[in-house]
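What follows is the residue order along each chain.
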Amino acid sequence: LALMCGGNIGEVDAACAPIRTAAARGEDAGTALFFDSWCKVARDVIAHGEADLARGRRRSAGIKFQRGAGYLLAAERMQSRDYAPRWVAYNEGLARFRQGVALQDKPVEFVDIPYEGGHFTGLFVPAAGAEGPAPCVVSCNGLDSMKEQIYGAGNPEANRLRGIATLVIDQPGTGEALRSFGLPGRHDAEAWGSAAFDYLLTRADVDARRIGIFGLSLGGYFAPRIAAMDDRFALCCVMGGNHNWGELQRRRAANEGDRPVPHYWDHVQWVFGKPSREEFLA
């Protein structure tokens, strides 16, 4: 994932090398070692970016800040919700991502989407060369991806060059919505999908007749449901969609027990705001 989202293979190898032995033992202790090793590489890359910035090399600095942010978010994403250092890494990752895209002069707008008396956040990437309202794709996360990772994977830029805007969101249960605003995920995803559509209606640069929705992994359940329940969406696309996610979770519980990966069940209970595995599965 880190490579797909803009990482460097040599840096990823350097991050993973010290933790291979722990990983081979299958011990949860390896998860903390993973965090430390990835954060060290991230901060080394960011330090090189600071050196670039001191020399006036804004674009080079921005590239490194964005890449370092990706490593910090990769490190944070693997930790238990009770692992306190993750919050420092997450907030630093958000700040460095924002700094990185600004230094590269990337066309990214940080936006708030009103939702149930509060809001969740997104990245709006406008269409290139649009002389009027452009089509737009709402891009949602899966179970535990983040808008910064989806942006780094290149889909919004590919859309932009083809005259399509993208709204990449941290929907409830993911990214900032969960970590910063305490908004849990929900099976009736149209609640937040329709909120994203309503936000786009406020933008003069978006063609309301041509708004679609895209999701990957668990987003492959969310996006089709949203498009089915809110027929204002003109297009739906999925990649690797977990369409029958409940069945998958029951199979996982039966076959893999308490730990398909470290603290998995605690993680999904956190994401969906459920106090027990049984309530999550229901």
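Residues numbered from 1 in each chain as written. Predicted model: local features only at pLDDT ≥ 70, side-chain atom pairs only at ≥ 80, totals over all residues. Heavy atoms only, no water.

Participant: Could you clarify how one ought to interpret the overall build of the protein chain in this entry?
Facilitator: Looking only at helices and strands, the protein chain has 13 helices and six strands in total. Taking 19 Å as the expected radius of gyration for a compact globule of 282 residues, we find that the protein chain reaches 19 Å, a close match to that expectation. When the backbone C-alpha atoms are referred to their principal axes, the protein chain occupies close to 55 × 55 × 30 Å. Here the protein chain, with 282 residues, has 49% of them falling under the buried criterion. Pairs at least 24 apart in sequence give 68% of the contacts found in the protein chain among residues at least 6 apart. Summing over all exposed atoms, the protein chain offers an accessible surface of approximately 12,900 Å²; the carbon and sulfur share of this is 54%. Computing the positive centroid from 32 side-chain charges and the negative centroid from 34, the protein chain places the two 5 Å apart. (Helix = DSSP H or I, 4+ residues; strand = E, 2+ residues; numbered from the N terminus. Rg over C-alpha atoms; globule rule 2.2 N^0.38 Å. Buried < 20%, exposed > 50% of the residue type's maximum accessible area, 1.4 Å probe, protein only. Contact = heavy atoms within 4.5 Å. Areas by Shrake-Rupley, 256 points an atom, 1.4 Å probe, with all protein chains shown as cover. Lys, Arg positive; Asp, Glu negative; His and termini not counted. Charge placed at Lys NZ, Arg CZ, Asp CG, Glu CD.)

Participant: In this structure, what is going on with the state of the cysteines? I would like to understand it.
Facilitator: Throughout this description, disulfide means a covalent bond between two cysteine sulfur atoms. Overall, the coordinates contain zero disulfides when judged by the stated rule. The thiol of Cys140 is unpaired, and the distance to the nearest cysteine sulfur, on Cys236, comes to 8.7 Å. Cys236 carries a free sulfur, and the closest cysteine sulfur to it, the one in Cys237, is 7.2 Å from it. (Disulfide = S-S within 2.5 Å.)

Participant: Explain empty space enclosed by the protein to me, please; I cannot follow it from the model alone.
Facilitator: Leftover empty space is mapped by rolling, across the atoms, a probe with the size of a water molecule. Under the definition given, this model contains two cavities of 30 Å³ or more. In this structure, the largest cavity encloses a volume near 50 Å³. Broken down by class, the residue content of the lining of the largest cavity amounts to six nonpolar, five polar and no charged. Each pocket or cavity is described by its volume, and for the second largest cavity that value is around 30 Å³. Around the second largest cavity, the lining residues are Leu143, Asp144, Ser145, Gly173, Thr174, Gly175, Leu178, Arg179, His267 and Val271. Among the elements of the structure, α8 (175-179) and α12 (264-272) are those that each provide at least two residues to the lining of the second largest cavity. The biggest single contributor to the lining of the second largest cavity is α8, with three residues. (1 Å grid on protein atoms, 1.4 Å probe; cavity = no way out; pocket = protein on both sides within 12 Å on 5 of 7 lines; lining within 4 Å. Points joined across faces, edges and corners; volume = space filled by probe spheres on them. Nonpolar A, V, L, I, M, F, W, Y, C, P; charged D, E, K, R; others polar.)

Participant: I tried to follow the nonpolar core on my own but got confused; where do I start?
Facilitator: Burial of nonpolar side chains together is a common tendency in soluble globular proteins. Counting 39 residues, the largest nonpolar core has Phe120, Val138, Leu167, Trp192 and Leu200 as the members making the most contacts within it. Setting aside chain neighbours within four positions, we find Leu200 in contact with Phe124, Cys136, Val138, Leu167, Val206 and Ile211. Counting 20 residues, the second largest nonpolar core, distinct from the first, contains Trp38, Leu72, Ala74 and Ala75. (Core = buried A, V, L, I, M, F, W, Y, C linked by side-chain atoms within 4.5 Å.)

Participant: Honestly, the packing of helix α4 (residues 58-77) against helix α5 (residues 85-103) in this entry has me stumped. Any pointers?
Facilitator: The contact between α4 and α5 brings their axes to 7 Å, and the two run at 155 degrees. It follows that α4 is roughly antiparallel to α5 by the angle criterion. Here the hand of the crossing between α4 and α5 comes out left-handed. Every residue of α5 that contacts α4 at Arg58, Arg59, Ala61, Gly62, Phe65, Gln66, Ala69, Leu72, Leu73, Glu76 and Arg77 is listed here: Arg86, Ala89, Tyr90, Glu92, Gly93, Arg96, Phe97, Gln99, Gly100, Val101, Ala102 and Leu103. (Axes fitted to C-alpha atoms, helices over the stretch in contact; angles between N-to-C directions. Parallel < 35°, antiparallel > 145°, perpendicular 65-115°, else oblique. Left-handed = near helix turned anticlockwise from the far one by under 90°.)

Participant: Whenever I open this one, the layout of surface pockets confuses me. Can you help?
Facilitator: When its volume is computed, the second largest pocket comes out at roughly 450 Å³. Forming the boundary of the second largest pocket are 18 residues, of which His187, Phe272, Phe280, Leu281 and Ala282 lie nearest the centre. When contributions to the lining of the second largest pocket are tallied by element, the ones reaching two or more residues are α10 (219-229), α11 (245-256) and α13 (277-281). When residues in the lining of the second largest pocket are grouped by element, the largest group, four residues, is from α11. Residues belonging to the lining of the second largest pocket are distributed by class as follows: eight nonpolar, six polar and four charged.

Participant: Looking at this structure, I do not really get the pairing of strand β6 (residues 235-239). What am I missing?
Facilitator: As a general feature of sheets, a regular strand has side chains that alternate between the two faces. Sheet topology places strand β5 (residues 206-216) next to β6; five bridges connect them, and they run parallel. Residue pairing for β6: Gly212 is matched across the bridge by Leu235. The β-α-β motif built from β5, the intervening α10 and the parallel element β6 has right-handed crossover chirality. (Pairing = 2+ DSSP bridges. Right-handed = clockwise from strand over helix to strand, strands pointing away.)

None of the figures reported here should be taken as evidence of function without further support.
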